[in-house]
Amino acid sequence: MTIKHTTFAVALMLSACATSALTTMEDDYLAWPVYNGDDLELKVDATGTHFTLWSPEAEAVKVLLYDSDLNTPATDTLTMHRSTQGTWRADVPEQLYGKFYTFTVTVNGRELAETPGIWAKATGTNGLRTAIIDLDSTDPDGWSTDRGPKLDNITDAVIYEVHHRDFSMHPSSGIVHKGKFLAMTEPSTTNPDGLSTGIDHLKELGVTHVHILPSYDYNSVDESNLAANQYNWGYDPFNYNTPEGSYSTDPANPAARIREMKEMVKALHDAGIGVVMDVVYNHTANNDDSNFSLTAPGYFYRHRADGSYSDASACGNETASEREMMRNFIVNSVKYWADEYHIDGFRFDLMAIHDTETMNRVAAELKKINPSIFVYGEGWTAGDSPLPVERRALKENVDKMKGIAVFSDDIRDAVKGHYSNAADRGFATGKPGNEETVKIGIVASTAHPQVDYSKGNNSKFAYAGAPTQIINYVSCHDDLTLTDKLAASMPGSTEAERQRAARLAQTIVFTSQGTPFMFAGEEVFRDKKGVHNSYKSPDDINAIDWTLKSANKEQYDYYRNLIRLRREHPAFRMTTAEDIARNIVFDDITAPNVVSYSIRNNANGDVWKEIKIVFNGSTVPFTAKIPSADWTVIARDGSLNPDGLGTSKGGTIVVEPTSALILARTK
Ligand code: CA
């Protein structure tokens, strides 16, 4: 098995992209019959067990039945018969619960390797054979009444991106089920100093949603050898509709991974926290050996004119969402996770490999299941694609996708410096020239009369129609952690200086319009020892050291207060571009690395009539002129408290280097 990965934060230079028309061969796929039934691959009912495989070009299809998940011979082979709309069927009059199966497809006179299919909802070890189980038996107690948090708008979310192993593997986590789904179900865990870890930590921090890195069954970690403690981010999909086995306590037991993931979701829901899944429909771990290729060869991927796999993912292939059965697959797969696992949101990896029509269908179908579900993604590809630029679910096309949000690489790079140039500094670390792009971040890439997009570093136009279409962040699993980025770009600095820069950077993110997103552990100033692409680095690079929560207590308290500030004040969570244009007024400042603005008019129903915010990312003090009023000081000189640090009558106020000044008045 080839393990491939690219760093997914590769923003594509659109102008450098050749746009090619889809080739003739690609058009042929569009003519393949489409099957819309909801019984694909496996259905068990009172009349028995029913297999239905969609494979229009197959010459023969068989089902192989097994007694176990690995290393046993088939106990029976069923020959499927050709049915309607490209499907093949076989039926058994018994309910085959407890059995496993695979399909084999013959095309062009050649029988392909066995596949569990593309709709395996339960599997054994390494996902090689599909398990026939009663899904209802995997529901934890109280599952029928389980609900995620109700959310009126995505901008009300505070998203915390976490990998299962990062969260719990370190000895200081105090968690029993380290590296497992169950880690997030354990109450009352602490670090050696008695400070909370695990789910209690999440509640205390105040995030509204955890975004879990890929948790479907991926390819790279050998589930038959968990003692090897392999680590992988999981951007190498194998079975899209079953959980990853290495996160369960028993990968050989098909029900265990399902039940334990549901228990995780339920524990988080009981804590008032939603669960966002990172989904990677844009490519598969394998090419000719993927489950897509072994089921209906060719159909699910885009190709170049010479017939080779096109590769907009930089992982060896790219899927073809514009073809109806691939689009159906993506839509039905997210619907399945929302229905069966009560998932509250989806993050689409390299979303621009998909077409805008598919993403609009995804958003619309999910909203029917639960109006609180939200969808966001990376609005870029990692390479060129045969899909025309205007159809790609790009950041620049987000206004064609009203129910979808995209990551803002604008605010990310402007605040901390370029994502891949480690030494590059940004607004928060003293590099001038980022002021207008910080303003673009503050208004969530919406049109604003005082923001000049021609001066934007990454984007040259107001691409978002609403702040609900923007995810703000300064770090994620990709690239250097904020801690490591600051260390790399601030040589000779002290840790206290770097923590101060992190506070300013995140204060910009969390007070900006749009939805804030943070990488797990940043609140305790976690690092990854300078490793920027840690996708398969060992736990000693990736695991969060929870003793940092004690060592960096002030930093942690700042983050916690920052999240509380945002959640208590709707002025930071406006929902329309019109509100932002009306309520946000920038001050005319010419000093480098300073941005100063007000949020006025009790914006979005806030109790605060006006909020004055001054960011000073320079190395010298800035003297702000504040109108006379009865102000409450919310943030100053590296400290922040939503309840107030003191009062001010306005006038001249010195904003210290690398800090935010936030004032609020109610009259
Ligand atoms: Ca796996």
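The rules behind the values
Per chain, residues are indexed from 1 in the order of the written sequence. The predicted origin of the model limits local features to residues at a pLDDT of at least 70 and limits the giving and counting of side-chain atom pairs to 80 or more, whereas totals for whole chains, interfaces and linings rest on all residues. Only hydrogens and water are set aside when side-chain values are computed; all heavy atoms of the structure are taken into account. What counts as an axis is a line fitted to C-alpha atoms, over the stretch in contact for a helix, and the angles between N-to-C directions run from 0 to 180 degrees. Runs of H or I in DSSP of at least four residues are treated as helices and runs of E of at least two as strands, each being numbered from the N terminus. Should an angle lie under 35 degrees it is considered roughly parallel, over 145 roughly antiparallel, and from 65 to 115 roughly perpendicular; all remaining angles are considered oblique. What makes two residues a contact is simply this: any of their non-hydrogen atoms within 4.5 Å. Nonpolar residues are Ala, Val, Leu, Ile, Met, Phe, Trp, Tyr, Cys and Pro. Charged residues are Asp, Glu, Lys and Arg, and all others, Gly as well, are polar. By this definition, two strands are paired if DSSP reports at least two bridges between them. Either an automatic procedure or a domain database provided the assignment from which the domain bounds are taken. For the exposure calls, accessible area comes from a 1.4 Å probe over protein chains only, and a residue counts as buried if that area is under 20% of its type's maximum, exposed if over 50%, partly exposed in between. One speaks of a salt bridge when a side-chain nitrogen belonging to Lys or Arg is within 4 Å of a carboxyl oxygen belonging to Asp or Glu. Coordinating N, O and S atoms are those within 2.8 Å of the metal (3.2 Å for Na, K and Ca), and as water is not part of the atoms, a site may appear to have fewer donors than expected. Each aromatic pair joins two rings of Phe, Tyr and Trp (for Trp, the six-membered one) with centres within 6.5 Å, and gets the label stacked for planes under 30 degrees apart, edge-to-face for over 60, and tilted for any other angle. Whether a charge sits over a ring comes down to the Lys NZ or Arg CZ being within 6 Å of the ring centre and within 35 degrees of the ring normal. Expected span of a helix: the number of residues minus one, times 1.5 Å. Crossing handedness is defined as follows: a turn of the near helix away from the far one that is anticlockwise and smaller than a right angle gives a left-handed crossing, while the clockwise case is right-handed. By convention a nonpolar core is built from buried Ala, Val, Leu, Ile, Met, Phe, Trp, Tyr and Cys residues, the set being connected through side-chain atoms within 4.5 Å.

Quick look at the packing of helix α3 (residues 198–205) against helix α14 (residues 553–568)
Part 1 of the argument: Remark: α3 packs on α14, axes separated minimally by 9 Å, with the N-to-C direction vectors making an angle of 60 degrees. In terms of their interaxial angle, α3 and α14 are classed as oblique. Counted together, H201, E204 and L205 of α3 and Y556, R560 and I563 of α14 form the full contact between these two elements.
Part 2 of the argument: Considered class by class, the residues forming the contact of α3 with α14 number three nonpolar, one polar and two charged.

Some remarks on the sheet that holds strand β19 (residues 515–519)
Part 1 of the argument: Strand order in the closed barrel formed by eight strands is β10-β11-β14-β15-β16-β17-β18-β19, with parallel pairing between adjacent strands. Adjacent strand axes in the sheet meet at a mean angle of 30 degrees, parallel and antiparallel pairs treated alike.
Part 2 of the argument: Bridge count for strand β18 (residues 470–472) against β19 is two bridges, and the pairing is parallel. Looking at β19, one finds that N472 is bridged to P516.

With respect to the domain arrangement of the chain
Part 1 of the argument: For the chain, the assigned domains read domain 1 (10–138) and domain 2 (584–665).
Part 2 of the argument: Between the C-alpha centres of domain 1 and domain 2 there is a distance of 59 Å.

Side note on the pairing of β19
Part 1 of the argument: In terms of burial, β19 is a largely internal element, five of the five residues being buried.
Part 2 of the argument: A two-sided burial pattern is seen for β19, the buried positions comprising T515, F517 and F519 on one face and P516 and M518 on the other.

Examining the pattern of salt bridges
Part 1 of the argument: Going through the model one piece at a time under the given rule, you end up with 40 salt bridges.
Part 2 of the argument: Here E378 makes a salt bridge to R347, at a shortest N to O gap of 3.3 Å. Linking E378 in the loop between β16 (374–377) and β17 (404–407) with R347 in strand β15 (residues 345–348), this pair joins segments that are 31 residues apart in sequence.
Part 3 of the argument: Its relative accessible area of 2% is what places R347 among the buried residues.

Some thoughts on the coordination of the calcium ion
Part 1 of the argument: Protein-derived coordination of the calcium ion comes from D217 (OD), Y218 (O), E223 (OE) and E244 (OE), at a distance range of 2.2 to 2.4 Å.
Part 2 of the argument: Between consecutive donor residues of the calcium ion, the sequence gaps follow D-Y-x4-E-x20-E. Of this pair, D217 sits in strand β12 (residues 216–218) while E244 sits in the loop between β13 (237–243) and α4 (254–270), and the two are 27 residues apart along the sequence. Across this residue pair, the class does not change: D217 and E244 are buried.

Looking at the packing of aromatic side chains
Part 1 of the argument: For the coordinates displayed, the defined rule picks out 38 aromatic pairs.
Part 2 of the argument: Each ring, one from W233 and one from Y235, has its centre 6.2 Å from the other, and the planes form 85 degrees; the classification is edge-to-face.
Part 3 of the argument: For W233, a relative accessible area of 2% gives the class buried.
Part 4 of the argument: Given the relative accessible area of 2%, Y235 is considered buried.
Part 5 of the argument: Centre to centre, the rings of F586 and Y597 are 5.5 Å apart; their planes meet at 40 degrees, and the pair counts as tilted. With F586 in strand β20 (residues 584–586) and Y597 in strand β21 (residues 594–599), the pair connects residues that are 11 residues apart, well separated along the chain.
Part 6 of the argument: Looking at K262, its charged tip hangs above the ring of Y341, at a distance of 5.7 Å from the centre.
Part 7 of the argument: In this arrangement the basic side chain of R665 is found over the ring face of W631, its NZ or CZ atom lying 5.6 Å from the centre.

Details of helix α6 (residues 324–341)
Part 1 of the argument: Helix length check: α6 (18 residues) gives 25 Å between terminal C-alpha atoms against 26 Å at 1.5 Å per residue, within 8%.
Part 2 of the argument: Of all 18 residues making up α6, 14 are buried, and the element is well covered by its neighbours.
Part 3 of the argument: Positive phi shows up at H342, right after α6, with a value of about 60 degrees.

Re the environment of G530
Part 1 of the argument: Within the secondary structure layout, G530 lies in the loop between β19 and α12 (539–542).
Part 2 of the argument: With 75 residues separating them along the chain, G530 and G605 place their C-alpha atoms 43 Å apart.
Part 3 of the argument: In this structure G530 touches L480 and D484, once residues within four positions along its chain are discounted.

Here we look at the sheet that holds strand β2 (residues 48–54)
Part 1 of the argument: With antiparallel pairing, the four strands of this open sheet are ordered in space as β1-β2-β6-β5. The open sheet has two edge strands, β1 (43–45) and β5 (81–82), and neither has a second partner.
Part 2 of the argument: Both β2 and strand β6 (residues 87–92) contribute to a ladder of six bridges, which runs antiparallel. In the sheet register, W54 faces β6, and the bridge partner there is T87.

Examining the packing of α6 against helix α7 (residues 356–369)
Part 1 of the argument: Two elements in contact, α6 and α7, have axes separated by 10 Å at closest approach and are oriented at 30 degrees. The pairing of α6 with α7 is recorded here as roughly parallel in orientation. As for how α6 packs across α7, the hand of that crossing is right-handed. Here E324, R327, N328, I330, V331, V334, K335, A338 and D339 of α6 lie close against α7, whose contacting residues are E357, T358, R361, V362, E365, L366 and I369.
Part 2 of the argument: Classifying every residue of the contact of α6 with α7 by side-chain character gives seven nonpolar, two polar and seven charged.

Considerations on unusual backbone geometry
Part 1 of the argument: A positive phi is found at S445, a non-glycine position, where the angle reads about 55 degrees.
Part 2 of the argument: With respect to the secondary-structure elements, S445 resides in the loop between α9 (435–442) and β18.
Part 3 of the argument: Residue S445 is classed as buried on the basis of its relative accessible area of 1%.
Part 4 of the argument: The phi dihedral of T658 is positive, around 50 degrees, even though this residue is not glycine.
Part 5 of the argument: If you trace the backbone, T658 turns up in the loop between β27 (651–655) and β28 (659–665).

Structural notes on the nonpolar core
Part 1 of the argument: If you look at the biggest cluster of nonpolar residues, it comprises 140 residues, and the most contacted ones within it are Y160, V210, F300, F346, F348 and I599.
Part 2 of the argument: Per-element accounting of this core gives the leading share, 10 residues, to α6.
Part 3 of the argument: Taken domain by domain, the makeup of this core includes at least three residues from each of domain 1 (10–138) and domain 2 (584–665).
Part 4 of the argument: Excluding anything up to four places from it in sequence, F348 contacts V279, Y281, I330, V334, H354, M359, V362, V375, Y376, G377 and E378.

With respect to the environment of R567
Part 1 of the argument: Relative to the assigned elements, R567 resides in helix α14.
Part 2 of the argument: With residues near it in sequence (within four places) discarded, R567 still touches V158, G206, V207, T208 and R573.

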